[in-house]
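The residues making up each chain are set out below.
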Number of protein chains: 2
Amino acid sequence: MAGVFHTTLALRTALRYLSPSCTLTSAATARLLPPGSRKLLLPASSVQSGVCSRRLHAGAGGPTPSPAAAPDRLPFSKVTQEDLDFFKKVLPGRTITDPDLLEANNVDWLKSVRGYSEVLLRPQTTEEVSQILRYCNSRNLAVNPQGGNTGLVGGSVPVYDEIILSTALMNNILTFDGVSGILTCQAGCILENLSNYLEERDYIMPLDLGAKGSCQIGGNVATNAGGLRLLRYGSLRGTVLGLEVVLADGQVLDCLATLRKDNTGYDLKQLFIGSEGTLGVITAVSILCPRKPKSVNVVFLGCETFEQLLQTFKLCRGMLGEILSAFEFLDSECMRLLNTHLKLPNPITDCPFYVVIETAGSNPTHDEEKLHNFLEEAMTSSLVTDGTVATEDTKIKALWSMRERVTESLTHDGFTYKYDISLPVERIYQLVTDMREHLGDRAKSVVGYGHVGDGNLHLNITSPAKDPALLAAIEPFVYEWTAGCQGSISAEHGLGLKKRNYIYYSKPSQAVALMGNIKAMLDPKGILNPYKTLPDNLR
Amino acid sequence: MAGVFHTTLALRTALRYLSPSCTLTSAATARLLPPGSRKLLLPASSVQSGVCSRRLHAGAGGPTPSPAAAPDRLPFSKVTQEDLDFFKKVLPGRTITDPDLLEANNVDWLKSVRGYSEVLLRPQTTEEVSQILRYCNSRNLAVNPQGGNTGLVGGSVPVYDEIILSTALMNNILTFDGVSGILTCQAGCILENLSNYLEERDYIMPLDLGAKGSCQIGGNVATNAGGLRLLRYGSLRGTVLGLEVVLADGQVLDCLATLRKDNTGYDLKQLFIGSEGTLGVITAVSILCPRKPKSVNVVFLGCETFEQLLQTFKLCRGMLGEILSAFEFLDSECMRLLNTHLKLPNPITDCPFYVVIETAGSNPTHDEEKLHNFLEEAMTSSLVTDGTVATEDTKIKALWSMRERVTESLTHDGFTYKYDISLPVERIYQLVTDMREHLGDRAKSVVGYGHVGDGNLHLNITSPAKDPALLAAIEPFVYEWTAGCQGSISAEHGLGLKKRNYIYYSKPSQAVALMGNIKAMLDPKGILNPYKTLPDNLR
């Protein structure tokens with residue numbers, strides 16, 4: 001009883017900062033220490049020192065490699081001196097062959113997949129991309145399109161010696177219309193740079209994710225990135241208005257419309273959203289951006305049970321309505337990793353579950369009143385046991401980092417097996433509980449976090465080192481469990497190299513066959529990002 | 001001055017009803033007479049008496065038919081007695097061959113296109129659709145998939161003797177999840193029935209359109225219908241979560257997921273959204289539905305100039321923010337037609353332009369306060385000259401009908417040439433002005449209305465009867481004008497039969513060629529809705 005009293009008091013203290021009579025600037029965060037940077041990426045040195053295997057999860061000398069393992073190299077041509085001469089002519093000074101300079105492009109952020117490409121091309125224009133692909137297609141040279149290389153499924157790095165085609169230098173904003181909020185830019189623009197550009201103009205990007213400081217908009221679109229704002233602004237399938245794409249044969253497909261509505265024929269751009277660079281190279285994007293909210297609030301709450309967390313979500317959707325912009329969660333295991341590895345202190349008392357709620361609206365007084373009413377109700381009905389509120393930008397960032405830096409904390413905990421699952425929202429934590437029970441003490445940590453509002457669980461399992469026996473215990477258990485709930489084995493990360501052969505857990509064979517037909521139609525030689533997205537048995 | 005004073009007073013009267021101290025139930029509409037039903041469709045008798053030509057806009061004996069005219073019949077098989085025997089076995093009592101019963105299915109709502117199909121099939125299950133298509137494909141019989149037959153571009157009726165495959169009897173709701181708001185239903189469910197079903201469960205459909213009483217969700221998805229709520233809830237490309245589709249060869253493609261996020265491979269369902277039944281027959285839909293707003297308000301305003309209307313839109317987006325759910329407009333010519341043909345009186349004083357603004361939110365007090373502040377500012381800055389406000393359901397419907405029934409009023413004005421154009425929002429009315437000047441007294445009426453928030457203009461031109469000379473003055477002028485602004489010649493109506501050959505005004509030839517490849521891949525014999533969507537020169 002004393003505990004409940006104490007935490008209730010703590011939340012009441014926090015609530016005082018949200019009183020409608022209190023202005024935004026005078027509001028502050030209660031009980032929160034500054035938790036440092038939001039940046040997700042490891043320093044380049046740690047990437048460069050990583051020792052990785054291109055053969056993922058392969059059984060330790062066992063006869064059957066994991067379905068995540070790379071298949072044999074396909075019979076693409078190998079890069080010759082003549083090829084290099086051509087590339088250097090098209091991209092003088094931007095055709096990189098120095099192995100040291102290539103290192104960071106050959107390995108993924110998780111250091112879980114390593115290719116051995118010997119050529120990195122850095123075009124600046126669509127025409128250059130077109131020339132390169134036309135040439136590679138005619139020479140049967142495989143190409144790995146690469147954005148910010150922040151993907152988590154081994155989709156953004158070469159598997160063998162594919163030529164790396166980086167969009168990093170294609171980073172110009174082309175147009176922005178301050179009336180409609182439509183932004184047009186090259187594919188290599190970094191998400192955070194676009195966000196900053198827009199915020200100065202009273203708009204925001206419709207997507208936000210932890211990797212924003214490195215990921216590129218072209219890669220975001222190619223992987224149909226979800227992230228933290230999807231609950232409010234919807235997926236890229238709705239917000240992306242147009243794309244310019246270079247096809248495998250070098251043809252430029254100009255679908256870079258800047259119109260909110262266009263029903264003239266089939267919506268071809270949709271083919272490229274989420275196809276992970278296997279159907280074409282996205283070179284420019286037009287995207288509809290929402291107005292910058294005049295008022296943003298973030299709440300960090302603790303719940304005793306996941307059922308209470310779901311009840312909090314329902315209450316919140318009803319009471320916050322149109323100003324709810326995010327409802328994220330992490331469990332106590334995530335909090336332990338944040339404390340241990342990143343020295344981020346828990347801003348509230350220890351609880352089994354934590355929630356990050358963000359509101360974004362046009363009237364600070366109305367928003368604070370809605371939030372106040374919701375928190376009072378959540379507290380009165382004992383759905384939440386403790387909480388803290390932030391209305392100032394730095395404090396908001398600090399609270400967000402508790403959610404955004406979980407991925408980073410996991411990299412310090414050991415080798416991480418990552419799963420990105422869509423499930424009916426009532427079931428999302430059951431998978432974590434069942435997995436813990438199933439694995440017993442074979443795993444170091446089994447943690448769950450993610451996007452409650454989207455029914456999207458990030459399930460992560462760590463071990464001191466790569467552990468084929470542990471992997472065999474996790475898979476196919478996790479996929480069968482997900483398929484049993486008609487879930488998706490990749491909610492937002494895509495399939496890349498690692499998950500490609502698990503596609504049948506979420507898609508019927510007719511659908512996968514049709515995907516194969518689409519690939520064959522658009523890239524008959526299969527040069528674009530081979531070994532990714534589609535299962536081996538299509539080839 | 002006196003006039004301004006008067007209209008300002010009128011709006012002040014209206015504003016009183018919106019005062020934050022006034023509860024919703026006591027609020028009412030000022031200065032508005034009941035304008036009758038919202039229903040868009042003509043009675044069946046008027047459809048049946050229509051005499052139409054299947055050759056659209058063909059020059060009066062001239063040597064060059066309009067690009068909208070039907071091409072020659074393609075060499076499909078003709079229906080034999082043996083075929084009918086097969087259909088009757090699969091669909092006993094639901095294989096219709098009585099010409100009288102077929103009449104309404106052979107002609108479109110505008111009575112502008114007439115086919116002469118002799119067979120109407122009314123399956124109830126996906127398996128039946130599959131059997132029919134497998135058979136038709138093997139027999140090379142052309143098929144016209146038909147939903148509510150409310151399309152405006154001749155896409156929903158046969159051009160020659162195509163078999164009509166109606167989804168009207170596939171009208172079961174399959175599941176509804178009250179936590180996630182995800183509805184799954186058969187394709188033939190009528191939009192208004194779904195809306196009613198959801199409203200009882202505290203949800204709404206994410207789309208709404210004038211034809212709601214007749215149009216079917218399968219047809220809505222097949223045409224990527226936009227409508228009145230797109231500004232708020234986005235397009236069907238974001239809200240449709242899953243589709244079940246029967247392909248031309250009878251194969252059932254099950255992509256009927258009920259997950260908000262799923263990045264396992266290419267998003268095949270997008271191919272069928274907006275493809276107007278040319279790539280497959282949609283048999284079931286899953287769709288994400290928003291919560292029913294606790295508070296809805298509608299405002300009808302008058303503006304002196306279109307520039308003031310745009311300024312009102314900008315102000316409104318800033319001040320109403322997240323509760324703005326629609327911003328529609330009509331011009332004084334539309335009002336004249338509503339008055340003349342439907343006897344709907346103008347609810348405010350005569351103005352050159354009228355605006356319908358809808359708000360939808362979770363807190364009636366907050367919404368009314370936001371609306372009040374916006375209206376006061378719009379009035380003070382003289383952006384609007386008169387207005388009226390509705391907060392009660394019947395009054396809201398009455399105000400909405402001023403916008404929704406414009407299409408109906410046009411059918412009484414004469415033969416209507418309809419254009420559905422996407423443009424940068426600043427340009428949308430310039431096209432109406434330019435067209436009026438261009439046509440002079442050759443047209444009976446030239447009217448503009450539509451979705452300002454989406455940059456979508458409905459430009460309609462009437463004449464006492466079909467008039468090839470008038471048409472020659474309108475086209476290609478309207479398309480060239482649109483292409484000159486990088487607009488779309490079909491924002492939401494699709495291309496169907498009438499607009500198929502104009503696709504190049506909005507899409508580059510590479511894109512159209514790729515659409516042709518997709519069609520050939522999915523429907524190699526071209527049996528599905530032939531003569532629609534894709535231009536003749538692909539064949």
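No experiment lies behind these values; they were computed from the predicted model shown.

K.L.:
Honestly, the overall build of chain A in this entry has me stumped. Any pointers?
P.N.:
Summing up its helical and strand segments, chain A has 19 helices and 16 strands in all. Residues classed as buried in chain A amount to 64% of the 539 residues present. Pairs at least 24 apart in sequence give 77% of the contacts found in chain A among residues at least 6 apart.

K.L.:
Please clarify how the interface of chain A and chain B should be interpreted in this entry.
P.N.:
It is common to give the size of an interface as the accessible area that goes away when the parts come together. Of the residues lining the interface, 84 residues belong to chain A; the matching set on chain B comes to 84 residues. Summed over both sides, the interface between chain A and chain B buries roughly 6600 Å², with carbon and sulfur atoms accounting for 56% of that surface. Per-residue buried area on chain A facing chain B is highest for Lys 261, Asn 263 and Tyr 266 of chain A; these three make up 16% of the total on that side. Run the count over chain A and chain B and you get 8 salt bridges. Lys 507 of chain A is the salt-bridge partner of Asp 262 of chain B, the closest N and O atoms lying 3.4 Å from each other. At the junction of chain A and chain B, the tally comes to 46 residue pairs in polar contact (both at pLDDT 80 or more). Every element with two or more residues in the side of chain A that touches chain B is listed here: α8 (230-233), β8 (252-255), α10 (269-272), α11 (306-320), α13 (364-380) and α19 (509-522) of chain A. Along the lines of polarity and charge, the residues of the side of chain A that touches chain B split into 30 nonpolar, 34 polar and 20 charged.

K.L.:
Would you take a moment to explain the sheet that holds strand β2 (residues 120-121) of chain B for this structure?
P.N.:
Paired through backbone hydrogen bonds, the strands of a sheet run either parallel or antiparallel to each other. Residues and elements named next belong to chain B. Spatial strand order, β1-β2-β4-β3: 4 strands in an open sheet with mixed pairing. Each edge of the sheet is formed by a strand with only one pairing partner; in this case those strands are β1 (95-96) and β3 (143-146). Where β1 and β2 come together, 2 bridges link them in antiparallel fashion. Looking at the pairing, Thr 95 lines up with Leu 121 of β2. Along the sheet, helix α4 (residues 99-106) makes contact with β1, β2, β3 and β4 (163-166), crossing β4 at roughly 75°.

K.L.:
Looking at this structure, how should I read the pattern of salt bridges?
P.N.:
Oppositely charged side chains are able to pair whenever their charged atoms sit close together. Residue and element names in this part refer to chain A. Summed over all chains, the structure comprises 45 salt bridges over all chains. With a shortest N-O distance of 3.9 Å, Glu 322 and Lys 370 are connected by a salt bridge. With Glu 322 in the loop between α11 and β11 (324-331) and Lys 370 in helix α13, this pair connects stretches of sequence that are 48 residues apart. In this structure Glu 322 comes out as buried when scored by relative accessible area, which is 10%. One salt-bridge network, held together by shared partners, links Asp 208, Lys 212 and Glu 404.

K.L.:
Can you help me understand the relation of the copies chain A and chain B in this one?
P.N.:
Note on the copies: chain A fits chain B at an RMSD of 0.0 Å, the axial shift is 0.0 Å, and the rotation between them is 180°. In symmetry terms, the pair is related by a two-fold rotation axis. Proximity to the rotation axis, assessed at the C-alpha, singles out Gly 238 of chain A in chain A; its C-alpha lies 2.4 Å from the axis. Both copies present the same face, since 100% of the interface residues in chain A are matched by interface residues at the equivalent positions in chain B.

K.L.:
Explanation requested: the sheet that holds strand β8 (residues 252-255) of chain B in the structure shown.
P.N.:
All names here are of chain B. As summarised here, the arrangement of the 5 strands in space is β5-β6-β9-β7-β8, forming an open sheet in which the pairing is antiparallel. For this open sheet the edge positions go to β5 (173-177) and β8, each flanked by a neighbour on one side alone. Strand-to-strand twist in this sheet, taken as the mean axis angle between neighbours without regard to direction, amounts to 10°. Bridge count for strand β7 (residues 240-246) against strand β9 (residues 281-288) is 6 bridges, and the pairing is antiparallel. Within β9, the residue paired with Val 246 across the bridge is Val 281. Against the sheet, helix α5 (residues 126-139) engages β7, β8 and β9, with an angle of about 45° to β7.

K.L.:
What is the right way to read the domain arrangement of chain A from this model?
P.N.:
All names here are of chain A. With domains assigned, chain A is organised as domain 1 (2-30 + 293-407) and domain 2 (173-288). Three residues, Pro 293, Ser 325 and Glu 404, lead the burial of domain 1 against domain 2; their summed loss comes to 48% of the area buried on that side. Put simply, domain 1 and domain 2 have 1 salt bridge between them. For Glu 404, the salt bridge identified is with Lys 212, shortest N-O distance 3.9 Å. At the junction of domain 1 with domain 2, the criterion picks out 3 residue pairs in polar contact (both at pLDDT 80 or more). At the level of secondary structure, the elements contributing two or more residues to the side of domain 1 that touches domain 2 comprise β11 and α14 (393-404). Per element, the largest residue contribution to the side of domain 1 that touches domain 2 is 5 residues, and it comes from β11. Per-class residue counts for the side of domain 1 that touches domain 2 are 7 nonpolar, 1 polar and 4 charged.

K.L.:
Explain the packing of aromatic side chains to me, please; I cannot follow it from the model alone.
P.N.:
Pairs of aromatic rings are described using the distance from one ring centre to the other and the angle between the two planes. Residue and element names in this part refer to chain B. If you walk through the whole model with that rule in mind, you get 38 aromatic pairs over all chains. Residues Phe 86 and Tyr 135 carry aromatic rings whose centres are separated by 3.9 Å and whose planes lie at 10° to one another, so their mutual orientation is stacked. Of this pair, Phe 86 sits in helix α3 (residues 81-90) while Tyr 135 sits in helix α5; the two residues are 49 residues apart in sequence, bridging distant segments of the chain. With a centroid separation of 6.2 Å and 85° between ring planes, the pair formed by Phe 176 and Tyr 197 is classed as edge-to-face. Note that Phe 176 is positioned in strand β5 and Tyr 197 in helix α6 (residues 191-199), a separation of 21 residues in sequence.

K.L.:
How should helix α5 (residues 126-139) of chain A be read in this particular structure?
P.N.:
Residue and element names in this part refer to chain A. Relative to the 20 Å expected for 14 residues at 1.5 Å per residue, α5 spans 20 Å between its end C-alpha atoms, a close match to the ideal helical length. Listed as buried for α5 are Thr 126, Glu 128, Val 129, Ser 130, Ile 132, Leu 133, Tyr 135, Cys 136 and Asn 137. Residue Asn 140 follows α5 closely and has a positive phi angle near 60°.

K.L.:
Where do I start with the nonpolar core in this structure?
P.N.:
In globular proteins that are soluble, nonpolar side chains generally tend to be buried together. Of all hydrophobic cores here, the largest spans 196 residues; its most connected members are Ile 461 of chain A together with Ile 461 of chain B. Apart from residues lying up to four places away in sequence, Ile 461 of chain B is in contact with Phe 415, Thr 416, Tyr 417, Tyr 419, Met 435, Leu 439, Ala 443, Ser 445, Val 446, Leu 470 and Ile 474 of chain B.

K.L.:
Just checking my understanding: could you explain the confidence of the model for chain A for this structure?
P.N.:
Residues and elements named next belong to chain A. Mean pLDDT over chain A works out to 89, with 88% of the residues at or above the 70 mark. Predicted confidence for residues 1-10 stays below pLDDT 50, and this span has 9 contacts to residues more than four positions away or in other chains. Taken together, the stretch residues 12-63 has pLDDT below 50 and engages in 133 contacts with residues farther than four places along the chain or on a different chain. Under the prediction, the complex receives an ipTM of 0.89, its pTM being 0.89.

K.L.:
Would you take a moment to explain the packing of α13 of chain A against helix α13 (residues 364-380) of chain B for this structure?
P.N.:
Two quantities define a packed helix pair, namely the angle between the axes and the distance from one axis to the other. Axis separation between α13 of chain A and α13 of chain B bottoms out at 11 Å; the angle between their running directions is 180°. The orientation of α13 of chain A with respect to α13 of chain B, classified from their angle, is roughly antiparallel. Contacts between α13 of chain A and α13 of chain B involve His 366, Glu 369 and Lys 370 of chain A from the former and His 366, Glu 369 and Lys 370 of chain B from the latter. Here the contact of α13 of chain A with α13 of chain B is composed, by residue class, of no nonpolar, 2 polar and 4 charged.

Conventions used here
Residues numbered from 1 in each chain as written. Chains lettered and ligands numbered in written order. Predicted model: local features only at pLDDT ≥ 70, side-chain atom pairs only at ≥ 80, totals over all residues. Heavy atoms only, no water. Helix = DSSP H or I, 4+ residues; strand = E, 2+ residues; numbered from the N terminus. Buried < 20%, exposed > 50% of the residue type's maximum accessible area, 1.4 Å probe, protein only. Contact = heavy atoms within 4.5 Å. Buried area = accessible area lost by both parts, 1.4 Å probe. Salt bridge = Lys/Arg side-chain N within 4 Å of Asp/Glu carboxyl O. Polar contact = N/O pair within 3.5 Å; in protein donor to acceptor, adjacent residues only side chain to side chain. Nonpolar A, V, L, I, M, F, W, Y, C, P; charged D, E, K, R; others polar. Pairing = 2+ DSSP bridges. Axes fitted to C-alpha atoms, helices over the stretch in contact; angles between N-to-C directions. Least-squares fit on C-alpha atoms with pLDDT ≥ 70 in both. Domains from an automatic or database assignment. Phe/Tyr/Trp six-rings, centres within 6.5 Å; stacked < 30°, edge-to-face > 60°. Expected span 1.5 Å × (residues − 1). Core = buried A, V, L, I, M, F, W, Y, C linked by side-chain atoms within 4.5 Å. pLDDT = per-residue confidence, 0-100. Parallel < 35°, antiparallel > 145°, perpendicular 65-115°, else oblique.

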